Amino acid sequence: MALRGVYVVELAGLAPGPFCGMVLADFGAQVVRVDRPGAPSDVAHLSRGKRSLAVDLKQPRGVAVVRRLCARADVVLEPFRHGVMEKLQLGPEILRKENPKLIYARLTGFGQSGRLSKVAGHDINFLALSGVLSKLGRSGENPYAPLNLLADFGGGGLMCALGIVMALFERTRSGKGQVIDASMVEGAAYLSSFLWKTSKTGLWQQPRGENILDGGAPFYGTYRTADGGFMAVGAIEPQFYELLIKGLGLKSDELPNQMSMTDWPEMKRKFADIFAKKTKAEWCQIFDGTDACVTPVLTCEEAPHLDHNQERGSFIADVEQGVSPRPAPVLSHTPATPSLGRGPLVGEHTEEILTEFGFSQEEMDQLYSDKIIQSSKPRANL
């Protein structure tokens, strides 16, 4: 796979960091998750393909264990607030002095500098300060965050993974590592560059929820069907809009101009009344294979069963029959081959990892005795 041979030390954290580590593991990196002894299993459920080392970083000898790993690692991924790793004597200055080729990725909400760098926050806060949240939501309602996807996973985990891959590529030229400062506020804003780049085009001149792409247009939104399902409509271009009108059984010469914004509220009501008269399956039959840009709103249970998704193998099932998306994008020469096994138990691979890094049995026995490390082996079901 593309990242075969890349060794990543991931400090266990909440969702953005584990997602970043999972992306790297999916594409071939060897990812070691450093867990706290006695911690519950991965609450983010994003440990596919990783191994777990349980070590107590509150003890100097536990820190020494991790430093020994980092001296041979390619990447360190840490998700803590500013200053935490420095207090542990695991900051980039120390680790990169011991390993100049190390890529040290720091994934936080507000970044490593600035007044808010030591302040707590979550996806909705990062999204709010990025400017993006102000654009999300229906007309006349409060801004609405779309789950915790944009800042945590898009602007956070995925942007950080991109930074790591770019740093790995640059290292092939310079032979040197570098520090990555990944801020979820900045990542969410960068992900939404289109909003800024089109701010003077008139695309967003109306209040939130009254523009073409944010719910204002009748030809770009969702509509409830007779059986309680939903259809998604994205017929922006005139030729696609004409196919939408035809599928709805209407005549364009009897309707207002597509871009007459004053008529949009009435057109939305008209479209809603028509969509409500047929089931989701019936509308699928009408629009299937056309360029009207009308598709069913599939649930997470339905999406893996869509024939198109099955033809492409867009979803995978692990050994516990849990379904999840296949890694994207698809590489023709070095495609991702994600692990289909279960996620690691906390400390499941402690001995295996330490042995790989040159720890002797005597050293490990002493670390066990002093409660520096922990090992958890899965129990057989008899």
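For the structure, check the block above.
Below, the structure is looked at part by part.

Parameters at a glance
- Residues numbered from 1 in each chain as written.
- Predicted model: local features only at pLDDT ≥ 70, side-chain atom pairs only at ≥ 80, totals over all residues.
- Heavy atoms only, no water.
- Axes fitted to C-alpha atoms, helices over the stretch in contact; angles between N-to-C directions.
- Helix = DSSP H or I, 4+ residues; strand = E, 2+ residues; numbered from the N terminus.
- Parallel < 35°, antiparallel > 145°, perpendicular 65-115°, else oblique.
- Left-handed = near helix turned anticlockwise from the far one by under 90°.
- Contact = heavy atoms within 4.5 Å.
- Nonpolar A, V, L, I, M, F, W, Y, C, P; charged D, E, K, R; others polar.
- 1 Å grid on protein atoms, 1.4 Å probe; cavity = no way out; pocket = protein on both sides within 12 Å on 5 of 7 lines; lining within 4 Å.
- Points joined across faces, edges and corners; volume = space filled by probe spheres on them.
- Buried < 20%, exposed > 50% of the residue type's maximum accessible area, 1.4 Å probe, protein only.
- Pairing = 2+ DSSP bridges.
- Right-handed = clockwise from strand over helix to strand, strands pointing away.
- Polar contact = N/O pair within 3.5 Å; in protein donor to acceptor, adjacent residues only side chain to side chain.
- Salt bridge = Lys/Arg side-chain N within 4 Å of Asp/Glu carboxyl O.
- Core = buried A, V, L, I, M, F, W, Y, C linked by side-chain atoms within 4.5 Å.

**Details of the packing of helix 9 (residues 238-247) against helix 11 (residues 280-287)**
Interhelical geometry of helix 9 versus helix 11 gives an angle of 130 degrees and a closest axis separation of 10 Å. As the angle between them shows, helix 9 and helix 11 are arranged oblique. Read as a crossing pair, helix 9 and helix 11 show a hand that is right-handed. Contact residues: Leu-243, Leu-244 and Gly-247 in helix 9; Trp-283, Ile-286 and Phe-287 in helix 11. Across the contact of helix 9 with helix 11, the residue classes break down as five nonpolar, one polar and no charged.

**Some remarks on the layout of surface pockets**
By volume, the largest pocket is sized at about 1200 Å³. Surrounding the largest pocket, 42 residues form its lining, Phe-19, Met-22, Asp-26, Leu-46 and Arg-48 being those nearest its centre. Contributing elements (two or more residues each) for the lining of the largest pocket: helix 1 (16-26), helix 6 (149-174), strand 10 (315-317) and strand 11 (323-325). With six residues, the single largest contributor to the lining of the largest pocket is helix 6. In the lining of the largest pocket, the residues fall into 25 nonpolar, nine polar and eight charged. If you add up the space inside the second largest pocket, you get close to 630 Å³.

**Thoughts on the pairing of strand 2 (residues 30-35)**
The element strand 2 is largely enclosed, with a buried count of five among its six residues. Pairing analysis gives five bridges linking strand 1 (residues 7-11) to strand 2, with the strands arranged parallel. Bridge pairing links Val-9 to Val-32 in strand 2. For the crossover that starts at strand 1, traverses helix 1 and ends in the parallel strand 2, the hand is right-handed. Alignment of strand 2 against strand 3 (residues 51-55), held across four bridges, turns out to be parallel. Paired with Arg-33 across the bridge in strand 3 is Ser-52.

**Describing the side chain of Arg-106**
Mapped onto the fold, Arg-106 is located in strand 5 (residues 103-108). Its relative accessible area of 5% is what places Arg-106 among the buried residues.

**Re the side chain of Asp-74**
In this structure, Asp-74 sits in the loop between helix 2 (60-70) and strand 4 (75-78). For Asp-74, a relative accessible area of 14% corresponds to the buried category. Separated by 2.7 Å, the side chain of Asp-74 and the backbone nitrogen of Tyr-7 make a polar contact. At 2.9 Å, the side chain of Asp-74 and the side chain of Arg-171 are in polar contact. The residues touching Asp-74, leaving out its near neighbours within four places in the chain, are Gly-5, Val-6, Tyr-7, Lys-101, Leu-102, Ile-103 and Arg-171.

**Structural notes on the pattern of salt bridges**
Here the structure, examined in full by the defined rule, presents 14 salt bridges. Between Asp-26 and Arg-48 there is a salt bridge, and its shortest N-O distance comes to 2.7 Å. In this pair, Asp-26 sits in helix 1 while Arg-48 sits in the loop between strand 2 and strand 3, placing the two residues 22 residues apart along the sequence. Take Arg-48: its relative accessible area is 13%, and that puts it in the buried class. Two residues, Glu-302 and Lys-280, come together in a salt bridge whose shortest N-O distance is 3.2 Å. Note that Glu-302 is positioned in the loop between strand 9 (294-296) and helix 12 (307-312) and Lys-280 in helix 11, a separation of 22 residues in sequence. Here Glu-302 falls in the partly exposed class, since its relative accessible area comes to 32%. On the basis of relative accessibility, which here comes to 13%, the residue Lys-280 falls in the buried class.

**Side note on the nonpolar core**
One finds Leu-24, Cys-160 and Ile-164 to be the most contacted residues of the largest nonpolar core, which totals 35 residues. Listing elements by their share of this core, those giving two or more residues are helix 1, strand 4, strand 5, helix 5 (123-130), helix 6, strand 6 (179-183) and helix 7 (184-191). The element contributing the most residues to this core is helix 6, with six residues. Counting residues in hydrophobic clusters, the runner-up holds 28 residues, among them Val-65, Leu-69, Leu-90 and Leu-95.

**Quick notes on the sheet that holds strand 4**
An order of 6-5-4-1-2-3-12 is seen for the seven strands of this open sheet, with the pairing classed as mixed. Since the sheet does not close on itself, it has two edges, and those belong to strand 6 and strand 12 (373-374), each with one partner. Helix 6 contacts strand 4, strand 5 and strand 6 of the sheet and is inclined by roughly 165 degrees relative to strand 5. Strands in contact with helix 7 are strand 5 and strand 6; relative to strand 6, the strand with the most contacts, it is inclined by about 70 degrees.

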